[in-house]
There are 4 protein chains.
Amino acid sequence: MDVIEYTPSREQYAYTFGGAAPALRVAPGTALRLWSDDAFGGVLRSVDDLSSAKVDLRFVNPQTGPFWVEGAEPGDTLVLHLAALEPARDWGASAAIPFFGGMTSTDRVVTLQDALPDTTWIYELDRDRNTVAFAARHSDHRIELPVEPMLGTVGVAPAGGEVRSSLVPDRFGGNMDTPQMRAGTTVFLGVNVEGALFSVGDGHYRQGEGEACGTAVEGAMTTTLIVDLVKGGAPGWPRLEDDAHWMTVGSSRPLEDAWRIGNAELVHWVAELYGLHPMDAYQLCSQLAQAPIANVVDANYSVVVKAAKALLPAADAFGGIHADLRARAATLL
Amino acid sequence: MDVIEYTPSREQYAYTFGGAAPALRVAPGTALRLWSDDAFGGVLRSVDDLSSAKVDLRFVNPQTGPFWVEGAEPGDTLVLHLAALEPARDWGASAAIPFFGGMTSTDRVVTLQDALPDTTWIYELDRDRNTVAFAARHSDHRIELPVEPMLGTVGVAPAGGEVRSSLVPDRFGGNMDTPQMRAGTTVFLGVNVEGALFSVGDGHYRQGEGEACGTAVEGAMTTTLIVDLVKGGAPGWPRLEDDAHWMTVGSSRPLEDAWRIGNAELVHWVAELYGLHPMDAYQLCSQLAQAPIANVVDANYSVVVKAAKALLPAADAFGGIHADLRARAATLL
Amino acid sequence: MDVIEYTPSREQYAYTFGGAAPALRVAPGTALRLWSDDAFGGVLRSVDDLSSAKVDLRFVNPQTGPFWVEGAEPGDTLVLHLAALEPARDWGASAAIPFFGGMTSTDRVVTLQDALPDTTWIYELDRDRNTVAFAARHSDHRIELPVEPMLGTVGVAPAGGEVRSSLVPDRFGGNMDTPQMRAGTTVFLGVNVEGALFSVGDGHYRQGEGEACGTAVEGAMTTTLIVDLVKGGAPGWPRLEDDAHWMTVGSSRPLEDAWRIGNAELVHWVAELYGLHPMDAYQLCSQLAQAPIANVVDANYSVVVKAAKALLPAADAFGGIHADLRARAATLL
Amino acid sequence: MDVIEYTPSREQYAYTFGGAAPALRVAPGTALRLWSDDAFGGVLRSVDDLSSAKVDLRFVNPQTGPFWVEGAEPGDTLVLHLAALEPARDWGASAAIPFFGGMTSTDRVVTLQDALPDTTWIYELDRDRNTVAFAARHSDHRIELPVEPMLGTVGVAPAGGEVRSSLVPDRFGGNMDTPQMRAGTTVFLGVNVEGALFSVGDGHYRQGEGEACGTAVEGAMTTTLIVDLVKGGAPGWPRLEDDAHWMTVGSSRPLEDAWRIGNAELVHWVAELYGLHPMDAYQLCSQLAQAPIANVVDANYSVVVKAAKALLPAADAFGGIHADLRARAATLL
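Going by the annotation in an unreviewed UniProt entry, the name recorded for chain A is Acetamidase, with Jiangella anatolica given as the source organism.

Now the structure itself:
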């Protein structure tokens, strides 16, 4: 299986879902190997690089793409299988951006208080140990954490002619910032415009649930993925599948609305997969769902709601395409 | 080690945190084996028992207790180690109570829509297989799920002379409805009144995160726990510790405020355990915390925020009492 | 018409709804003239008195009462007509209490930021001009504002055996902090316990909508009110009536839930007053309701939803008791 | 003073802020008389026209515009003075759109309940009496309500290359749905793109605060307005001024965040207008602000926070342009 490689120049970065011209046209079934810059566009390189000086929040999460998928029409389901995510630099950066994050007032949760101190942390990557190293800024602590690469943003062009910042998660996917967006996961996104126009970016070498300070271990990433298409069947909100879980992602505010969206999507999906009445699916999911918070820091907050396949009878979603993609991905690596 | 057994009569059930006379006085170090009725007081025994006919939401989650802990004073830390949780009946019940739960309008999220159909599910317990059986009400599906016993409510009397329904989670613990409240977990609660006056109840044979329909597999439970006391050091919000995790529980509305509370508590706890500056603890937790939603259905919503001990250096909280209690608990079983 | 006067001693202050012994027993139809201390218990007397030193948030809004209303039973409607509110001191106080208020992080909206500076303002009352004077703390500005006396808290004992802090608004009324709670207004509260056990307090010489900083121009108040009782008919949430408006008060979090409660109550009330189908009442209220925010700072947030009588046909609520009380009140003054 | 008239053809309707080509270029100081269709594009003409059959929520609130304002650059302040709003049809329409509105679950506040019945109301306009007539659908009630024309949407192109649906209110203005957007009001909007690209639409013959059912008395409107420009000084969020009030509009979710935004903007504006320290402005606004909810039904919720000029010393905002525009508007009518 051939792999098309694509690395955008800085001028080719997109900062929106929708509104950007396609970088490439790809046929369903194509494998892509994509380089993406980090959320900050690579400008935080030492602890002396402060986000207040170097980062403009209107232009973060530079997207690699968008990609026009041949044959994709509104109502179809775009299928992206993440085959591999590999850190593309030897360091990642994180920052407490003034008035951005979960433990500070923001431009929405407005107060009259002073900002937290603008602070940058640099994480060195150790490829042998597969770790990134947290180095405290106010003491000598140094703690190595496992690298668990994920993508913060995977999305398509929105419906209704909207164009949204790559800082936003919503129905079209986008900046969902969930650790579930990792190698081995298949993503299902409803197509809103001809060609789907998907893009990826915002690689994280690791991230806690909630992404509390607003930024993960942000790092340039090389993503190998397979693009596919299911005609029709567009889910209302992003769905994820890996070998172990059925997952949905809701994004909204307040956080309970993100959960409501994700949970209702899971209930309907489980009802459909197993032929259950919605009230029975509601009951069943109540007893087995997991609900890890993805982020509480973006323009919308995101929650993943998931059901373990091991607790349920066997079932196939979208024609069993996940298993098929797993097999195809194995040939790439 | 002796174990004091206590089973309340129906007249001895308490339905509040605070406001009830102590059932027993216990010394720190005491082991208790407590029987608690299910959330419905045992009245939903078949699928024909409807909550609208049989359940008064002002009197649910009957509490076993409260227990007066000798020497406990405001500002102290009550320590409860859950040694064992055993289903005390051979069936559990769950219900979609009209206008209660996460996928319906409620008395707070008010709409003009009709209620979902009042529906009861009965789960048979198979002690050999250690499963409860979901039986669909609208089809023939039957799915066995592992028993994972937990307590919905563990709490003390609130501060400021308040008395709260056993349906409420807040600073005093209470109806947190998290699957983390299981055997092997140590609970730390700030003491607000002399004697602490803790109680337990609302056993669940299993529960999904979010407790979406508002009720778990509700079942009578036999809880074996060890009571202990740390003088001073009262945490602002409930903290949990097991062999694998440091955990905090925030409860409020909207859901992001529950998360904010839990996350800030974890940041401060990690700062204290490891001698980190709060900004460094904030950064570190951002990259390693997990944030499973506990419930989005109670009077307050609850979120657990947790840090895996395996990712962190060794540390002791509250004088290392958890390890000590684990050892003591082993002698009970 | 006789008026019973009652001024509590400091030891007689209550700090909760529910949980306090009755101060007096009164028959329906009784007029009371009640002195209440300010929210701070009168301890902020100069700009040098700081709330962080002198105020314990567990014991604010001292209540005058509770009063046992003869014949009041659960399900009845307590009727309180505010005949007159008169400032009982020549000054009022306001404060930016650390981590309390709408433009700061709080114990619920938790952040890691520093508190705003603890600041006290003293407002001198000019009885001739009927003004209170705002005096800036950081400049020489002095602005006289009209005195518009209101009560922050009017409530009864809660249901289900709960006892709530006088800082809390909910179904039982309590700390609703709405400027609508002024002379000329009739308050309808559902009775939850025998005797109703109502109390009043937290006088404000004036307050903006939202009570943004968390405190109004707090002042001791002399309240003249008439107590009455309607058997049955308990509203689910507080209702207010004055000569110009039908009003409901919803209190919850997030703020949209407070609005939803208040709006649904108004829809149902208008449906009942005019014999409209709920969908028609919903439509009608959508085009004529006003929705001033009461406060965004208390343990629950409160919203008033109101309909102007001038836009609607004539109607009587609770047997037309408001007009009757207006007439009776006129004889008192 | 000349007035440029503009009536779009149906093909010229815009459904977004940003992303549409300018309809006209206008110089600052120009007066425009603009016809706008109603929110439904005029398709609900009788009670038998149901929104579920005839309305696509991705394409509502058709905008008249956008207009390119000569000389407008990012950072400037667009000034729009509403001189006159006149109903352009003899009827208005309102609807309870399934899963849209404040008293129903929605696509964000998701539940499993059935939708409310899809219902349309037609309001006849009586130009002599200046009323619209509510006609109940389930009884014979008919209630005449005063016409109080307003615009639901007034906005500019967003920042950061975003394009937003005309259903959305945010920093750029948009679908704020406040009754304050009426004749006599001056609107100040920060310019984000060259030419500002403002548009108007969504006329309401009247609307209650909250816009509870999701739709007002929707009607085609003829709006006479004067366009002006202040170089620099862009406010962070929309500001309104009329003869009586300084006003700000916050739009976000949850509703408290909308209020926080609006209140902070008012505090900063008052601080700037009167030379007050922010803490003093915070205190002063706490005692005099009004906070009517605008809507709790759109993609973001909106709150107006306002200060009565009568309570404050005289002051001029944006060089006193409101008084100047009032005078210019008088020559138009």
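### Considering the relation of the copies chain C and chain A
Rotating chain C by 180 degrees and moving it 0.0 Å along the rotation axis overlays it on chain A with an RMSD of 0.0 Å. In the structure described here, the two chain copies are related by an operation that fits a two-fold rotation axis.

### Some thoughts on the sheet that holds strand 3 (residues 24-26) of chain A
All names here are of chain A. Taken together, 6 strands build an open sheet; the order of strands is 3-5-16-11-14-13 and the sheet is mixed. The open sheet has two edge strands, strand 3 and strand 13 (169-170), and neither has a second partner. Bridge count for strand 5 (residues 63-69) against strand 16 (residues 196-204) is 4 bridges, and the pairing is antiparallel. Of the residues in strand 16, the one forming a bridge with phenylalanine 67 is phenylalanine 198.

### A short note on the relation of the copies chain A and chain B
Laying chain A over chain B is done by rotating through 180 degrees and shifting 0.0 Å along the axis; what remains is an RMSD of 0.0 Å. When the interface residues of chain A are mapped onto chain B, 100% of them are again interface residues, pointing to one common binding face.

### Let's talk about helix 2 (residues 255-274) of chain B
One turn of the α-helix equals 3.6 residues, which is why residues spaced by three or four share an orientation. Residues and elements named next belong to chain B. Across its 20 residues, helix 2 extends 29 Å between first and last C-alpha, which sits within 8% of the 28 Å expected from 1.5 Å per residue. Within helix 2, 18 of the 20 residues are buried, leaving the element largely enclosed by the surrounding structure. Within two residues after helix 2, glycine 275 carries a phi angle of roughly 70 degrees, on the positive side.

### Quick notes on the interface of chain C and chain A
At the interface, 15 residues of chain C touch 15 residues of chain A. Roughly 1,000 Å² is buried in total at the junction of chain C and chain A, and carbon and sulfur atoms are behind 59% of that figure. For chain C, the biggest contributors to the area lost against chain A are Met103, Leu112 and Gln113 of chain C; these three give 49% of the whole. Linking chain C with chain A are 0 salt bridges. In this structure, the connection of chain C to chain A is made through 6 residue pairs in polar contact (both at pLDDT 80 or more).

### What about the pairing of strand 10 (residues 142-146) of chain D?
Two faces make up the sheet, and in a regular strand the side chains alternate between them. Residues and elements named next belong to chain D. The side-chain alternation of strand 10 yields one buried face, formed by Ile143 and Leu145, and one unburied face, formed by Arg142, Glu144 and Pro146. In the sheet, strand 9 (residues 131-135) pairs with strand 10 via 5 bridges, with the strands oriented antiparallel. From the neighbouring strand, alanine 133 faces strand 10, where its bridge partner is glutamate 144. Counting the residues in the hairpin turn of strand 9 and strand 10 gives 6 residues.

### Things to note about the interface of chain A and chain B
A common way to state how big an interface is: give the accessible area lost once the parts meet. At the junction of the two partners, chain A supplies 64 residues and chain B supplies 64 residues. Of the roughly 5,200 Å² buried between chain A and chain B, counting both surfaces, carbon and sulfur atoms make up 65%. For the pair chain A and chain B, the interface holds 0 salt bridges. Inspection of the chain A/chain B interface yields 38 residue pairs in polar contact (both at pLDDT 80 or more). Per element, the largest residue contribution to the side of chain A that touches chain B is 8 residues, and it comes from helix 3 (residues 278-288) of chain A.

### What to know about the domain arrangement of chain A
All names here are of chain A. Domain annotation of chain A identifies domain 1 (3-90 + 148-230) and domain 2 (239-310). For domain 1 and domain 2, the distance between their C-alpha centres works out to 22 Å. With 23 residues of domain 1 in contact, the opposing surface of domain 2 contributes 19 residues. Each partner contributes to the roughly 1,600 Å² buried at the junction of domain 1 and domain 2, and carbon and sulfur atoms together form 53% of this total. Our count for the contact surface shared by domain 1 and domain 2 stands at 0 salt bridges. Counting across the domain 1 and domain 2 interface gives 9 residue pairs in polar contact (both at pLDDT 80 or more). Listed by contribution, the elements that provide at least two residues to the side of domain 1 that touches domain 2 are strand 13 and strand 15 (186-190). The leading source of residues in the side of domain 1 that touches domain 2 is strand 15, at 3 residues. By residue class, the composition of the side of domain 1 that touches domain 2 is 8 nonpolar, 10 polar and 5 charged.

Thresholds applied
Residues numbered from 1 in each chain as written. Chains lettered and ligands numbered in written order. Predicted model: local features only at pLDDT ≥ 70, side-chain atom pairs only at ≥ 80, totals over all residues. Heavy atoms only, no water. Least-squares fit on C-alpha atoms with pLDDT ≥ 70 in both. Pairing = 2+ DSSP bridges. Helix = DSSP H or I, 4+ residues; strand = E, 2+ residues; numbered from the N terminus. Contact = heavy atoms within 4.5 Å. Expected span 1.5 Å × (residues − 1). Buried < 20%, exposed > 50% of the residue type's maximum accessible area, 1.4 Å probe, protein only. Buried area = accessible area lost by both parts, 1.4 Å probe. Salt bridge = Lys/Arg side-chain N within 4 Å of Asp/Glu carboxyl O. Polar contact = N/O pair within 3.5 Å; in protein donor to acceptor, adjacent residues only side chain to side chain. Domains from an automatic or database assignment. Nonpolar A, V, L, I, M, F, W, Y, C, P; charged D, E, K, R; others polar.

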